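Coordinate analysis (summary)
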Amino acid sequence: MSVEAPVKVDASQPNEQGYRSFKLGEFTFSRDEYFVYVEWPTGRHVISADAFLRALQRDVAWQFFYGIVNFDGVVGTVNHYGTVDLFAGRYNDAYRKAELDHLENFSTPLIKATFEEMLDDWTNEGFDPFASPTETGSPFGIKNGENRAAITRHRVTAQRMVSVPGDEPLRNDENGHPINRQFADVPQDEPEIRAEPGFEKQVASFNLFAYLSRSPVTWNPSVVSVCGDSLYCPTTEEYILPIIHGNDRVEWFVQLSDEIYWDVEDRDSGAARAKVVMRPGDVAAMPADIRHQGYAPKRSMLLVWENADPELPALISSGQLPSVPVQL
Ligand code: PHB
Ligand code: FE
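Read on for a plain summary of the structure. (Residues numbered from 1 in each chain as written. Chains lettered and ligands numbered in written order. Predicted model: local features only at pLDDT ≥ 70, side-chain atom pairs only at ≥ 80, totals over all residues. Heavy atoms only, no water.)

**Considerations on the environment of His154**
By the secondary structure assignment, His154 is in the loop between helix 4 (148-151) and helix 5 (208-213). Once the C-alpha coordinates of His154 and Ala61 are considered, the two residues, 93 residues apart in sequence, prove to be 9.0 Å apart. Within the structure, His154 has its side chain in polar contact with the side chain of Glu168 (distance 2.8 Å). (Helix = DSSP H or I, 4+ residues; strand = E, 2+ residues; numbered from the N terminus. Polar contact = N/O pair within 3.5 Å; in protein donor to acceptor, adjacent residues only side chain to side chain.)

**Digging into the coordination of the iron ion (ligand 2)**
Only His245 (ND1), Glu251 (OE) and His292 (NE2) from the protein coordinate the iron ion (ligand 2), and they sit 2.0 to 2.1 Å from it. In primary sequence terms, the donor set of the iron ion (ligand 2) follows H-x5-E-x40-H. Remark: His292 occurs in strand 17 (residues 290-307) and Glu251 occurs in strand 13 (residues 251-255); sequence separation between them is 41 residues. The pair formed by Glu251 and His292 is uniform in burial state, with each residue classed as buried. (Donors = N, O, S within 2.8 Å, 3.2 Å for Na, K, Ca; no water. Buried < 20%, exposed > 50% of the residue type's maximum accessible area, 1.4 Å probe, protein only.)

**Examining the sheet that holds strand 1 (residues 10-11)**
Across the sheet, five strands lie side by side as 1-2-3-4-5; this open sheet has antiparallel pairing. Only two strands of the sheet have a single neighbouring strand rather than two, namely strand 1 and strand 5 (43-48). With two bridges joining them, strand 1 and strand 2 (residues 22-24) adopt antiparallel strand pairing. By the bridge assignment, Ala11 is partnered in strand 2 with Phe22. Across the sheet, helix 1 (residues 49-61) touches strand 3 (27-31), strand 4 (35-40) and strand 5, and the angle it forms with strand 5 is around 95 degrees. Packed on one face of the sheet, helix 3 (residues 108-122) meets strand 2, strand 3 and strand 4 and runs near 165 degrees to strand 2. (Pairing = 2+ DSSP bridges. Contact = heavy atoms within 4.5 Å. Axes fitted to C-alpha atoms, helices over the stretch in contact; angles between N-to-C directions.)

**Things to note about the site of ligand 1**
Around ligand 1, 15 residues are found, and the nearest of them are Trp219, Glu237, His245, Glu251 and His292. A distance of 2.9 Å separates an oxygen atom of ligand 1 from a polar atom in the side chain of His245. For ligand 1, the accessible surface in isolation is 280 Å², of which the surrounding protein chains cover 100%. Sorting the residues of the shell around ligand 1 by element identifies strand 11 (230-240), strand 13 and strand 17 as the ones contributing at least two each. In terms of residue count, strand 17 provides more of the shell around ligand 1 than any other element does, three residues in total. By residue class, the composition of the shell around ligand 1 is nine nonpolar, four polar and two charged. (Near = heavy atom within 4 Å. Areas by Shrake-Rupley, 256 points an atom, 1.4 Å probe, with all protein chains shown as cover. Nonpolar A, V, L, I, M, F, W, Y, C, P; charged D, E, K, R; others polar.)

**So, the state of the cysteines**
Between two cysteines, a covalent bond joining their sulfur atoms is known as a disulfide. The final tally for this structure, using the stated rule, is zero disulfides. With no disulfide of its own, Cys233 has Cys227 as its nearest cysteine by sulfur position, at a separation of 13 Å. With relative accessibility at 4%, the residue Cys233 sits in the buried group. (Disulfide = S-S within 2.5 Å.)

Shape is all these values report; function is a separate question.
Below, the structure is given as structure tokens:
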């Protein structure tokens, strides 16, 4: 059994609106009815509480994800897989040129515990940061209860594949996964499996479209199959990806249904690089030196294909591997 060193979260007493403030190094986070305020020695930044909580929820649930999680064009985190940088203005050309950017590195357990408590304290009853805006209540106003069930929900991470005995189960009405209103037309039949005797537990197959039609969350890739470092992470999308993701490796996108618009920017400066419209069947390779944010006007299905090889970030940043998977 491993024993984690206890971490002490630095939180204030509740303010007039009922919310606690949190300190991490020289950063302070506080909120009121509408906004979150982030302060550091050379600056102060305001983010709408809904956008902040949606981004914070993903940073926490994904354990800081791959590479950079920008909450917006100013504030975010960089995952060093063991430690995490918290930054303001570091990936923003104007802040860098004005020398107003700030970055501090924290142990993953400390920043994780602080972010978890902040998310818990600032998420009111009825607001689900993973839900689409039309499927949840308001994040605004004075402190009002909590929504612990939503913010600590199980994240699907298959060991081998969804539906394999002992692995992540299929979704159905009985286990609390009704078909989403926008996927009412998705066929729900499952493939018929005829395994040779003795191989019944090793041969598995499932209807991915039916599985995704029952996802209760948005912009939350689930690991549904694993083959070495190759992870299939499909997700259902609606409204705006709450983070601007800065890659530290190539990611492939396969648009499975409907449409997503992507804004693609230079990862370090934020300069615009591309606008991408993805329609069903479209495949894109997002380079390792960009950041991107997606817009889905209607609930859609996206397959995100990740390469989880831990060597990749160093190989790419040292120039030993290119930042694109194919030269056209
Ligand atoms: C991404 O940053 O690549 C990403 C994150 C969450 C999603 C889709 C894509 O739901
Ligand atoms: Fe990404």
